[in-house]
Amino acid sequence: MIKATISISSNGNPVKVKIKGHAASGEYGHDVMCAAVSTLSINFINSLEALAAYIPKYHINDITGGEMTIDFSNFDTSSNREIIQLLFESFLLGMSKLSEDSPEYVKTSIMTN
C-alpha cells in the first residue's frame, strides 16, 4: 500500500509531503496505481518549479523507489505563495481522490501542525 502523509499548517499552507510504499496493484512496471501516484507527485514538483518558480527541498529514493519527501520549509520566503498554494491544493485533491477510489492501494492522511 502507498501511504501519503500530507502536513499542513493551521492556516492551510503546505509543510511537508511524505509518500512511502508500493501499491502492488499489478506487476512491477505495470502497476497503474504506483504510476498514478508517481505521475501526480513528479508533476507536482515540476509544476512548482515551472509555474511558480519555487524549488522545494525534496528527496526521491531512486534506488528502490517507493519513497518521496517534499519539504516546504522555505514556503514563507517565496513571492509566489498563491500559485504554490493552488498547485498544492490540486495535488492534495488528486491524492485524496485516488485514496477514495482505491483505498486498498492508496491511503492519504492529512495532518495539521
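The structure contained in this document is the topic of the report that follows. Only a predicted model underlies this, so the values are computations on that prediction, with no experimental measurement involved.

Glancing now at the overall build of the protein chain. Assigned secondary structure in the protein chain consists of two helices and five strands. Ordered by position from N to C terminus, the α and β elements of the protein chain give β-β-α-β-β-α-β. On C-alpha atoms alone, the protein chain measures out to a radius of gyration of 14 Å, which is about the 13 Å that the 2.2 N^0.38 rule sets for 113 residues. In terms of overall dimensions, the protein chain has a C-alpha envelope of 45 × 25 × 20 Å along the principal axes. Residues counted as buried form 37% of the 113 residues belonging to the protein chain. Counted over contacts in the protein chain with a minimum sequence separation of 6, partners at least 24 positions apart contribute 59%. Counting only carbon and sulfur atoms, one obtains 54% of the accessible surface of the protein chain, whose full area is about 6,600 Å². Averaging the positions of the 8 positive and the 12 negative side-chain charges in the protein chain gives two centres separated by 8 Å.

This next bit is on the pattern of salt bridges. The tally for this structure, following the rule as stated, stands at one salt bridge. Ionic pairing is found between E100 and K97, a salt bridge with its closest N-O pair at 3.5 Å. Residue E100 and its partner K97 are both found in helix 2 (residues 81-101); the two are separated by three residues, about one turn of the helix. Its relative accessible area of 39% is what places K97 among the partly exposed residues.

Turning our eyes to something else, we now look at the packing of aromatic side chains. Counting across every chain of the model gives five aromatic pairs. A ring pair is formed by F44 and F91, whose centres lie 4.6 Å apart and whose planes are at 5°; its orientation type is stacked. Of the two residues, F44 is situated in helix 1 (residues 32-52) and F91 in helix 2; the sequence distance between them amounts to 47 residues. Exposure class is identical for F44 and F91. Each is buried.

Attention now moves to the sheet that holds strand 2 (residues 14-20). Hydrogen bonds along the backbone pair up the strands of a sheet, which may run parallel or antiparallel. Read from one edge to the other, the open sheet built from five strands follows the order 3-4-2-1-5, with strand pairing classed as mixed. The sheet terminates laterally at strand 3 (57-60) and strand 5 (106-112), the two strands that pair on one side only. Geometrically, the sheet is characterised by an average inter-axis angle of 10° between neighbouring strands, direction not taken into account. As paired strands, strand 3 and strand 4 (residues 67-71) are joined by four bridges and run antiparallel to one another. Note that in strand 4 the partner of I60 across the bridge is M68.

Ranked by size, the top nonpolar core spans 27 residues in total, and within it V17, F44 and F72 carry the most contacts. The set of elements that each furnish at least two residues to this core consists of strand 1 (2-8), strand 2, helix 1, strand 4 and helix 2. Once residues within four sequence positions are removed from consideration, F72 is found in contact with P14, V15, K16, V17, F44, L48, Y54 and I84.

Reading the values: the criteria
- Residue positions are counted from 1 within each chain, in the order its sequence is given.
- Where totals are concerned, whole chains, interfaces and linings use all residues; where local detail is concerned, this predicted model gives features only for residues with pLDDT of at least 70, and gives and counts side-chain atom pairs only at 80 or more.
- As a rule here, side-chain values cover all heavy atoms of the structure and leave hydrogens and water aside.
- Going along the chain from the N terminus, every DSSP run of H or I of four or more residues is numbered as a helix, and every run of E of two or more is numbered as a strand.
- The quantity called the radius of gyration is restricted to C-alpha atoms. Its globule counterpart is 2.2 Å times the number of residues to the power 0.38.
- Note on exposure labels: buried denotes an accessible area under 20% of the residue type's maximum, exposed denotes more than 50%, and partly exposed covers the range between, all computed with a 1.4 Å probe on protein chains only.
- Contacts are residue-level and defined by heavy atoms, with any inter-residue pair within 4.5 Å sufficient.
- Surface exposure here means Shrake-Rupley accessible area, sampled with a 1.4 Å probe, where a residue is shielded only by the protein chains that are shown.
- Positive charges come from Lys and Arg alone, negative charges from Asp and Glu alone, with His and the N- and C-terminal ends not counted.
- Note on charges: their place is set at NZ of Lys, CZ of Arg, CG of Asp or CD of Glu.
- For this document, the term salt bridge refers to a Lys or Arg side-chain nitrogen within 4 Å of an Asp or Glu carboxyl oxygen.
- Only Phe, Tyr and Trp rings are paired, with Trp represented by its six-membered ring, and only when their centres lie within 6.5 Å; those with planes under 30 degrees apart are stacked, over 60 edge-to-face, the remainder tilted.
- Pairs of strands are assigned from DSSP output, requiring at least two bridges between the strands.
- Fitted lines through C-alpha atoms give the axes, limited to the stretch in contact for helices. The angle between two N-to-C directions lies from 0 to 180 degrees.
- Buried residues of nine kinds, namely Ala, Val, Leu, Ile, Met, Phe, Trp, Tyr and Cys, make up a nonpolar core once their side-chain atoms join them within 4.5 Å.

That is the geometry; function is a separate question.
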